[in-house]
Amino acid sequence: MRILVLILLPWLSIFLQSTVFSSYTIKGTTPDLVLVFVTFFALFNTAEKGSGYAFLCGLLEDLYMGRFIGLNALSKGLTAYIVGRVQGNVFKENMFVGVLGVIVATVLNSLFLFLISIVVFDVFHIDTGMLHHILYQALYNVIVAIPLYVWYYNSSNSGVLKTQWRV
Amino acid sequence: MLLLVIFISLAVMKSTATQRSNITFLEKVIRDTYVPLQGGVSSIRNNWDGWTAVFSDKSHMQQQIKLLEAENSQLALENQSLQEYKQESFRLRKMLNFDNANRENYDLLPAHLIARSPNNWYECITIDRGFRQGVKKDMAVISPNGLVGRVGSVSENSAQVNLITDREMAVGAIIQKTRETNGIIEGLGDSNQLRMINIPYYSKIKEGDRIVSSGLSAIYPPGINIGTVTEVSREPNGLLLVATIKPTVDFNKLEEVFVITSYHPVEVFEEEEE
């Protein structure tokens, strides 16, 4: 069940982003639900597992878009790895951790997207419009992250996302 | 292991960055799994106004509005081409040896927008017409208000349209009234703004000028509305001008588009001297 939910989350996120949230933007910016869930997963698991899951989620997004396949996979994978590295030192009971994690992840993910794009394609030029996008996306991500973190935290402790330990 | 993954990712990224003739089977399958649900949500959203009108006993008014909107769209489309013909006839009167007998016309395939880009870095939409309905990669997409973009990739029942506001898009354009400037319209990743570059410093381009597609490409027919000039400035080198363009299409309210399914670029022949 846990695996099924973990597969469905990025799929549903892309669906919601492309239909519902794209109609309700903040200054033309949609939230990145995939990144939000990837950040939560990295916070509740190890850096290695987090980056692996994030890579696959980003790959799904890339395959859906059909352009620059690997760009989101790599940027999200690297972002989740960094988030996963610090997860052992934070109290996950505190919702502020989730919110802060999402803000940091949004900035890191955008940074990786820029860097990869500049190094590999030389297509993106950083302008103020892009910086606005990052700021508004961080804001939008936080808005959606607050209720989602409560659900994710509860599910990870006693719900469908709880890891089943085998003896 | 990590380095290997990064290396493979970069290689795949590089190979899929350029124009591909077709997307892979996996990409088609993934995209088509979304189409039925996206179509459903799009249909609900489009009919939402109609439903609320039923509940508020304004169905007749709603019907009238829909009819008028459809008529308005039709008229806008006709007006757009008439404007172009007006300019053309004006030019033809001045040019005795001009022969444009091969002027093309094109077939339009109506399509509904069912989804938008799930992230902020790409400006694209998904339409409910795909390979089965005759849509092919690189076909131009228009709306009654003007140029929307071009088909980037096609799956069985849907197609992804890269909007002209996408950072990777470039469209040859001219000033509709004077026909003088062959500039290039670039997307800025912002649905409310475009940029026109490669404008010579002596150009008479000014605020309020209407910009249309030049037709100097095999993709976009000439005379399709693109936008209106809102600002003109000089590039740092001083030799070229750059203009900010407000698109005529409101990409945030786009619901229906037309795919140009048969377009052959104009070939202008000069009459051979006898």
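Conventions used here
- Residues numbered from 1 in each chain as written.
- Chains lettered and ligands numbered in written order.
- Predicted model: local features only at pLDDT ≥ 70, side-chain atom pairs only at ≥ 80, totals over all residues.
- Helix = DSSP H or I, 4+ residues; strand = E, 2+ residues; numbered from the N terminus.
- Rg over C-alpha atoms; globule rule 2.2 N^0.38 Å.
- Buried ≥ 20, exposed ≤ 12 C-beta atoms within 10 Å, placed from the backbone.
- Contact = placed C-beta atoms within 7 Å.
- Pairing = 2+ DSSP bridges.
- Axes fitted to C-alpha atoms, helices over the stretch in contact; angles between N-to-C directions.
- Expected span 1.5 Å × (residues − 1).
- Parallel < 35°, antiparallel > 145°, perpendicular 65-115°, else oblique.
- Left-handed = near helix turned anticlockwise from the far one by under 90°.

Peer 1: Hey, could you run me through the overall build of chain A in this one?
Peer 2: Per the secondary structure count, chain A includes six helices and zero strands. Counting from the amino terminus, chain A carries its helices and strands in the arrangement α-α-α-α-α-α. A compact globule built from 167 residues would reach a C-alpha radius of gyration of about 15 Å, and chain A, at 15 Å, matches this within 12%. A principal-axis box enclosing the C-alpha atoms of chain A has dimensions of 50 × 30 × 30 Å. Looking at chain A as a whole, 47% of its 167 residues are labelled buried. Across chain A, contacts joining residues at least 24 apart in sequence account for 70% of those joining residues at least 6 apart.

Peer 1: Sorry, what's going on with the environment of Ala 170 of chain B here?
Peer 2: Residues and elements named next belong to chain B. Summarising the element assignment, Ala 170 is placed in strand β7 (residues 170-175). Exposure remark for Ala 170: the 15 C-beta atoms within 10 Å place this residue in the partly exposed category. Residues Ala 170 and Ile 30, spaced 140 residues apart in sequence, show a C-alpha to C-alpha distance of 28 Å. Ignoring anything within four residues of it in the chain, the contact list for Ala 170 reads Ile 184, Ile 185 and Glu 186.

Peer 1: What exactly am I supposed to notice about the environment of Met 196 of chain B here?
Peer 2: Residue and element names in this part refer to chain B. Tracing the backbone shows Met 196 in strand β9 (residues 194-200). Spatially, the C-alpha atom of Met 196 lies 5.3 Å from that of Ile 184, the residues being twelve residues apart in sequence. Apart from the residues within four sequence positions on either side, Met 196 is in contact with Ala 173, Gly 183, Ile 184, Ile 185, Ile 211, Val 242, Ala 243 and Ile 245.

Peer 1: Explanation requested: the interface of chain A and chain B in the structure shown.
Peer 2: Note: interface size is frequently given as the accessible area lost on complex formation between the parts. Listed as interface residues are 33 residues of chain A and, on the opposing side, 35 residues of chain B. Residue assignment for the side of chain A that touches chain B shows that the elements contributing at least two residues are α1 (2-19), α3 (47-65), α4 (71-86), α5 (95-121) and α6 (128-158) of chain A.

Peer 1: Even after reading the chapter, I still don't get the sheet that holds strand β11 (residues 225-234) of chain B, so can you show me in this structure?
Peer 2: The strands making up a sheet associate through hydrogen bonds between their backbones, and the pairing can be parallel or antiparallel. Residues and elements named next belong to chain B. Read once around its circumference, the closed barrel built from six strands follows the order β7-β8-β9-β12-β11-β10, with strand pairing classed as antiparallel. Taken over all neighbouring pairs, the strand axes of this sheet differ in orientation by 40 degrees on average, direction set aside. Strand direction decides the pairing type here: β11 and strand β12 (residues 240-247), joined by seven bridges, are antiparallel. In the sheet register, Ser 233 faces β12, and the bridge partner there is Val 242.

Peer 1: When you look at helix α1 (residues 2-17) of chain B in this model, what are you seeing that I'm missing?
Peer 2: Residues spaced three or four apart along an α-helix face the same direction, because each turn holds 3.6 residues. With 16 residues, α1 of chain B ought to run about 22 Å at 1.5 Å a step, and its terminal C-alpha atoms sit 22 Å apart, in line with that. Those residues of α1 of chain B hidden inside the fold are in contact with α4 and α5 of chain A.

Peer 1: How should I be thinking about the pairing of β11 of chain B in this particular structure?
Peer 2: Within a regular strand, side chains alternate between the sheet's two faces. Residues and elements named next belong to chain B. Pairing between strand β10 (residues 210-213) and β11: three bridges, direction antiparallel. Considered in β11, the bridge of Arg 210 is made with Thr 228. Counting the residues between successive antiparallel strands, the hairpin from β11 to β12 contains five residues, one of them, Gly 238, with a positive phi of roughly 80 degrees.

Peer 1: Just to check I follow, could you spell out the pairing of β7 of chain B for this structure?
Peer 2: Strand direction decides the pairing type here: β7 of chain B and strand β8 (residues 183-187) of chain B, joined by four bridges, are antiparallel. Across the sheet, the residue bridging to Val 171 of chain B is Ile 185 of chain B, located in β8 of chain B.

Peer 1: I tried to follow the sheet that holds strand β6 (residues 159-163) of chain B on my own but got confused; where do I start?
Peer 2: Residue and element names in this part refer to chain B. With antiparallel pairing, six strands are arranged side by side around a closed barrel as β2-β3-β6-β5-β4-β13. Here the average twist between neighbouring strands, direction ignored, is 45 degrees. Of the strand pairs in this sheet, strand β2 (residues 107-116) and strand β13 (residues 256-262) are connected by six bridges, and their pairing is antiparallel. Paired with Leu 109 across the strands is Val 259, a residue of β13.

Peer 1: I tried to follow the packing of helix α2 (residues 33-44) of chain A against α3 of chain A on my own but got confused; where do I start?
Peer 2: When two helices pack together, you describe them by how their axes are tilted relative to each other and by the distance separating the axes. All names here are of chain A. Axis separation between α2 and α3 bottoms out at 8 Å; the angle between their running directions is 165 degrees. Here α2 lies roughly antiparallel to α3, going by the angle between them. Once α2 is placed against α3, the crossing between them reads as right-handed. Note on element contacts: α3 touches α2 through Ala 47, Gly 50, Tyr 53, Ala 54, Cys 57 and Glu 61, opposite Val 34, Val 38, Phe 41 and Ala 42.

Just geometry here; none of it tells us what the structure is for.
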